[in-house]
Amino acid sequence: MAETPAPKKLFIKSYGCQMNVYDSERMADVLAPLGYVTTDQPDGADIVILNTCHIREKATEKVYSELGKIREMKEAMAQDGRGAMTIAVAGCVAQAEGAEIMRRQSAVDLVIGPQAYHQLPELIARTHRARGERLAADFAPEEKFDALAQTPRRPGGVTAFLTVQEGCDKFCTFCVVPYTRGGEWSRPVEDILTEARALAAQGVREVTLLGQNVNAYAGEHGLANLAGRLAEIPGLERIRYTTSHPRDMAEDLIAAHGEMSALMPYLHLPVQSGSDRILRAMNRGHSAKAYIDLVGRIRGARPDMALSSDFIVGFPGETEADFEATLELVRQVEYASAFTFKYSRRPGTPAATLAGQVDEAVKDERLARLNALLDNQQRAFNASKIGQTLPVLVERPGRHPGQVIGRSPYLQSVHFEAAESLIGQIVPVRIEAAAKMSLAGVLSNAAAVPEPA
Ligand code: 5AD
Ligand code: SF4
């Protein structure tokens, strides 16, 4: 991850009123953390922004004539191999005639109205992606995986991770991933199946499919189909996947949780906040109600589903009422586990420049309240398994002689007395005690229980 990007040149020209001059400064501020330094001439600039004024028709025509000149510079730069210039039209002309500008002057890459300047980093990243440009620091993912395929994996255990997807197109306003990891990319199904077969042949019984937006997996027919193909591999008994975005939770994937016994009943589905106002400012693309409805549909397919989430407290502008809405969402969903974060400013992301940054002490206090609630839920979830007999995949020897450690379908660690020769097998364990992080039980005599459907 490049923390200090190489300097790039930004040329901004303002037309019209003082408001536009102020806005131009704000645009330069938003782009500075991405490495853009302002320059006083458009020729040679990486980005040219014309911040326009619509008051008089003459002003609009001036913009078109300026665009004609800049287009020539852009073409000359491309020809001389001096780089690709991005041309943006901002301001009131952009607002009034967005599509018309792109039609009249095809060299314009993006048009952005005065209400959307905080989205500049996202729009510029999208423009670069559309051109097929890659992040300088990054391999193309397909090349990286081809190179990695030369080195056989030695998992050395009964569980393994398997990357199926990389990158992110969601542009949550707090997050650097879309800028550092690039756009969503899915590994071809056949490559994944080949790697999974090799893992199974080495004794792997459980794979966790990885991706920044794993449920946006776009290979062949999506993640549900991929999980089905993996479940056919002899020896692979359990499939998990993480991290999922609420917007990409397809109905066939939800249904698969009710139909495929290999698909484990644990889902990491980050919500970040329970306040619609904050969710909008985060650019999450879903409301609190949409998330809660989604959870209802998931539990409709798989009633015992264990849910997990990420939360951010103290996002810019978060009020006590917004935070209360997060607590309320947590009470409604009832999580089995969670990861919580205090908002931290990441240079180059839109939220870093938002007004209303929240005081550290307030963040600390909210984090403590949220953690207390989530801890209680985690303990309650674990305790609810006492008395049940769960199928446990035995993973490794325990800390004490004669003890082994495995995992329940719900990703809980389970300690019990048994021979190490059981490592790699799924055995029935009667749960007798629960703590915050783990369960304890005894090997049951019952015939191997099927994974609960
Ligand atoms: N500040 C705090 N938490 C963040 N996360 C991502 N970016 C930030 C940030 N700037 C958290 C989100 C995400 C998880 C992986 O990290 O909750 O889901
Ligand atoms: Fe993408 Fe997740 Fe970051 Fe949002 S938080 S931009 S979905 S990686």
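Look a little higher up for the structure.
Residues numbered from 1 in each chain as written. Chains lettered and ligands numbered in written order. Predicted model: local features only at pLDDT ≥ 70, side-chain atom pairs only at ≥ 80, totals over all residues. Heavy atoms only, no water.

A.B. asks: Just to check I follow, could you spell out the packing of helix α11 (residues 288–301) against helix α12 (residues 320–333) for this structure?
C.D. replies: Geometry of a packed helix pair, given as the angle between the helix axes and the separation of the axes. Look at α11 against α12: their axes get within 11 Å of each other, and the N-to-C directions meet at 10 degrees. Judged on the interaxial angle alone, α12 and α11 are roughly parallel. Here Ala-288, Tyr-291, Ile-292, Val-295 and Arg-299 of α11 lie close against α12, whose contacting residues are Leu-329, Gln-332 and Val-333. Of the residues contributing to the contact of α11 with α12, the split by class is 6 nonpolar, 1 polar and 1 charged. (Axes fitted to C-alpha atoms, helices over the stretch in contact; angles between N-to-C directions. Helix = DSSP H or I, 4+ residues; strand = E, 2+ residues; numbered from the N terminus. Parallel < 35°, antiparallel > 145°, perpendicular 65-115°, else oblique. Contact = heavy atoms within 4.5 Å. Nonpolar A, V, L, I, M, F, W, Y, C, P; charged D, E, K, R; others polar.)

A.B. asks: Sorry if this is basic, but what is going on with the sheet that holds strand β4 (residues 86–90) here?
C.D. replies: Two modes of strand pairing occur in sheets, parallel and antiparallel, and in both the strands are linked by backbone hydrogen bonds. The 5 strands lie next to each other as β2-β1-β3-β4-β5, forming an open sheet whose pairing is parallel. Edge strands, defined here as strands with exactly one partner in the open sheet, are β2 (36–38) and β5 (110–112). Sheet twist, expressed as the average angle between the axes of neighbouring strands with direction ignored, equals 25 degrees. As paired strands, strand β3 (residues 47–52) and β4 are joined by 5 bridges and run parallel to one another. For Val-48, the partnering residue across the bridge sits in β4 and is Ile-87. (Pairing = 2+ DSSP bridges.)

A.B. asks: Would you mind showing me how to read α11 here?
C.D. replies: Counting along an α-helix, one turn takes 3.6 residues, and residues three or four places apart therefore face a common direction. Along its 14 residues, α11 runs 20 Å from first to last C-alpha, staying within 8% of the 20 Å computed at 1.5 Å per residue. Within the sequence span of α11, burial applies to Ala-288, Tyr-291, Leu-294, Val-295 and Ile-298. Looking down the long axis of α11, one finds its buried residues gathered within 125 degrees of arc, a one-sided arrangement. Looking at α11, the residues exposed on the side facing more than 90 degrees away from the buried face are Lys-289 and Gly-300. Where α11 is buried, its residues touch α9 (251–259), β11 (266–268), α10 (276–281), β12 (306–313) and α12. (Expected span 1.5 Å × (residues − 1). Buried < 20%, exposed > 50% of the residue type's maximum accessible area, 1.4 Å probe, protein only. Arc of directions from axis to C-beta.)

A.B. asks: So what exactly am I meant to see when it comes to the site of ligand 2 here?
C.D. replies: Around ligand 2, the neighbouring residues are Cys-168, Lys-170, Phe-171, Cys-172, Phe-174, Cys-175, Val-177, Pro-178, Asn-213, His-245 and Arg-284. Taken together, the residues of the shell around ligand 2 break down into 7 nonpolar, 2 polar and 2 charged. (Near = heavy atom within 4 Å.)

A.B. asks: Is there a simple way to think about unusual backbone geometry in this case?
C.D. replies: Most peptide bonds take the trans form, and the phi angle of most residues other than glycine is negative. Note the cis peptide between Thr-242 and Thr-243, where omega equals 5 degrees. The residue Thr-243 is located in the loop between β10 (238–242) and α9 in this model. For Phe-171, which is not glycine, the phi torsion reads 55 degrees and is therefore positive. With respect to the secondary-structure elements, Phe-171 resides in the loop between β7 (165–166) and α6 (177–180).

A.B. asks: I tried to follow the site of ligand 1 on my own but got confused; where do I start?
C.D. replies: Ligand 1 sits among Phe-174, Gln-272, Asp-310, Ile-312, Phe-341, Lys-342, Tyr-343, Ser-344 and Arg-346. Between a nitrogen atom of ligand 1 and a main-chain N or O atom of Phe-174, the distance comes to 3.0 Å. Ser-344 is positioned such that a nitrogen or oxygen atom in its backbone is 2.8 Å from a nitrogen atom of ligand 1. For ligand 1, whose free accessible area comes to 400 Å², the fraction covered by protein is 76%. When the residues that make up the shell around ligand 1 are grouped by side-chain class, the tally is 4 nonpolar, 2 polar and 3 charged. (Polar contact = N/O pair within 3.5 Å; in protein donor to acceptor, adjacent residues only side chain to side chain. Areas by Shrake-Rupley, 256 points an atom, 1.4 Å probe, with all protein chains shown as cover.)

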